[in-house]
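# Structure assessment
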Amino acid sequence: MILLAHVSDLHLDGGERAARRAARVFDHLDGLRRPVDAILVTGDIADHGLPQEYEEAAKLFSGRDRLFHCPGNHDRRPAYRAVLLGDPSGTDGPINSVHRLDGGPAFLLCDSSIPGRPDGILADETLDWIRETLTGLPDDVPTFVAFHHPPVILHQPYIDDIRLAAAERLTELLGGFPQVIAVLTGHAHTAAASMFAGRPLLVGPGVVSTLLLPWESERVVDLELPPGLAFHVLDDDRRLTTHYRVT
Ligand SMILES: [Fe+2]
Ligand SMILES: [Fe+2]
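Report follows, based on the coordinates. (Residues numbered from 1 in each chain as written. Chains lettered and ligands numbered in written order. Predicted model: local features only at pLDDT ≥ 70, side-chain atom pairs only at ≥ 80, totals over all residues. Heavy atoms only, no water.)

## Details of the coordination of the iron ion (ligand 1)
Note on metal geometry: ideal angles are 109.5 degrees for four donors arranged tetrahedrally and 90 or 180 degrees for six donors arranged octahedrally. The coordination sphere of the iron ion (ligand 1) contains the protein donors Asp9 (OD), His11 (NE2), Asp44 (OD) and His189 (NE2), at a distance range of 2.0 to 2.2 Å. Classification of the site at the iron ion (ligand 1) rests on its 4 donor atoms, whose angles at the metal span 89 to 175 degrees, yielding the label irregular. The sequence pattern describing where the donors of the iron ion (ligand 1) fall on their chain is D-x1-H-x32-D-x144-H. Here the iron ion (ligand 1) and the iron ion (ligand 2) are spaced 3.3 Å apart, and both take Asp44 as a donor. Residue Asp9 is located in the loop between strand S1 (2-7) and helix H1 (16-30), and its partner His189 is located in the loop between strand S9 (180-185) and strand S10 (192-196); the two are separated by 180 residues in the primary sequence. (Donors = N, O, S within 2.8 Å, 3.2 Å for Na, K, Ca; no water. Tetrahedral: all angles 85-135°; square planar, octahedral: opposite > 155°, others 65-115°. Helix = DSSP H or I, 4+ residues; strand = E, 2+ residues; numbered from the N terminus.)

In structure tokens, the structure reads:
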């Protein structure tokens with residue numbers, strides 16, 4: 001079996017509160033009896049996209065060679081590239097990457113952010129990259145597609161208004177690639193599970209805060225509920241099980 005940790009929305013801002021909550025999640029991972037095979041971070045790593053916020057993230061991520069990440073709407077591509085990817089070019093195109101575990105699953109970490117905006121879209125360039133990358137992988141490799149913005153409504157108007165636009169384009173694309181077994185996102189700051197394109201859509205809870213639901217409160221965000229993460233377990237027969245955990 002393959003054990004994955006899915007962490008999202010750290011919103012590191014140089015402050016003690018976000019740092020403490022992120023440390024709780026990573027300490028939980030470091031204390032496991034069996035280490036995870038990979039850690040996936042689905043965006044909003046920094047709160048303001050500042051270089052010093054990415055320096056903080058780099059320290060948290062250091063020594064974790066199978067930690068894969070993508071940007072969210074709070075991230076800023078040039079600083080993200082410079083600090084987390086060692087690319088000082090200042091280019092502002094989407095940040096997409098593919099990773100494969102030895103003899104195991106593949107992960108596409110895609111950029112759904114739109115610079116300067118809270119909502120998201122998979123740009124033409126990114127959709128083309130997803131198609132080319134999936135085509136280039138053996139079709140018997142179980143594959144996860146991860147990005148920041150949920151492509152469906154989650155029944156919370158605040159977050160539904162800033163979800164992924166034009167999601168039907170991804171639905172159509174994934175129709176040709178049955179090896180994609182799940183779609184993973186963040187952004188909603190709530191542990192949620194739905195369906196998208198006939199696959200599980202699994203939303204990682206927010207580390208920095210928790211989204212409140214309309215039937216729970218008139219407030220949108222709770223800062224006191226504990227930080228969470230998801231464990232995704234992939235069986236040898238490709239069945240996926242998700243456990244949500246607070247730390
Ligand atoms: Fe966020
Ligand atoms: Fe976000």
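## Looking at the sheet that holds strand S11 (residues 199-203)
The 6 strands lie next to each other as S4-S5-S8-S9-S11-S10, forming an open sheet whose pairing is mixed. Strand pairing shows two members of the sheet lacking a second neighbour, strand S4 (97-100) and S10, which therefore form its edges. Here the strands of the sheet are splayed against their neighbours by 20 degrees on average, with no regard to which way each runs. The sheet contact formed by S4 and strand S5 (residues 106-109) spans 4 bridges and is antiparallel. (Pairing = 2+ DSSP bridges. Axes fitted to C-alpha atoms, helices over the stretch in contact; angles between N-to-C directions.)

## Overview of unusual backbone geometry
If you check the backbone angles, Asp9 has positive phi at about 55 degrees while not being a glycine. For Asp9, a relative accessible area of 0% gives the class buried. With phi around 55 degrees, His189 is a residue other than glycine that occupies positive phi space. (Buried < 20%, exposed > 50% of the residue type's maximum accessible area, 1.4 Å probe, protein only.)

## Regarding the packing of helix H2 (residues 51-61) against helix H3 (residues 77-84)
Where H2 contacts H3, the two axes come as close as 9 Å, and the packing angle between them is 40 degrees. It follows from the interaxial angle that H2 and H3 lie oblique. For the element pair H2 and H3, the recorded crossing hand is right-handed. In contact with Pro51, Tyr54, Glu55, Ala57, Ala58 and Phe61 of H2, H3 contributes Ala79, Tyr80, Val83 and Leu84. Taken together, the residues of the contact of H2 with H3 break down into 9 nonpolar, no polar and 1 charged. (Parallel < 35°, antiparallel > 145°, perpendicular 65-115°, else oblique. Left-handed = near helix turned anticlockwise from the far one by under 90°. Contact = heavy atoms within 4.5 Å. Nonpolar A, V, L, I, M, F, W, Y, C, P; charged D, E, K, R; others polar.)

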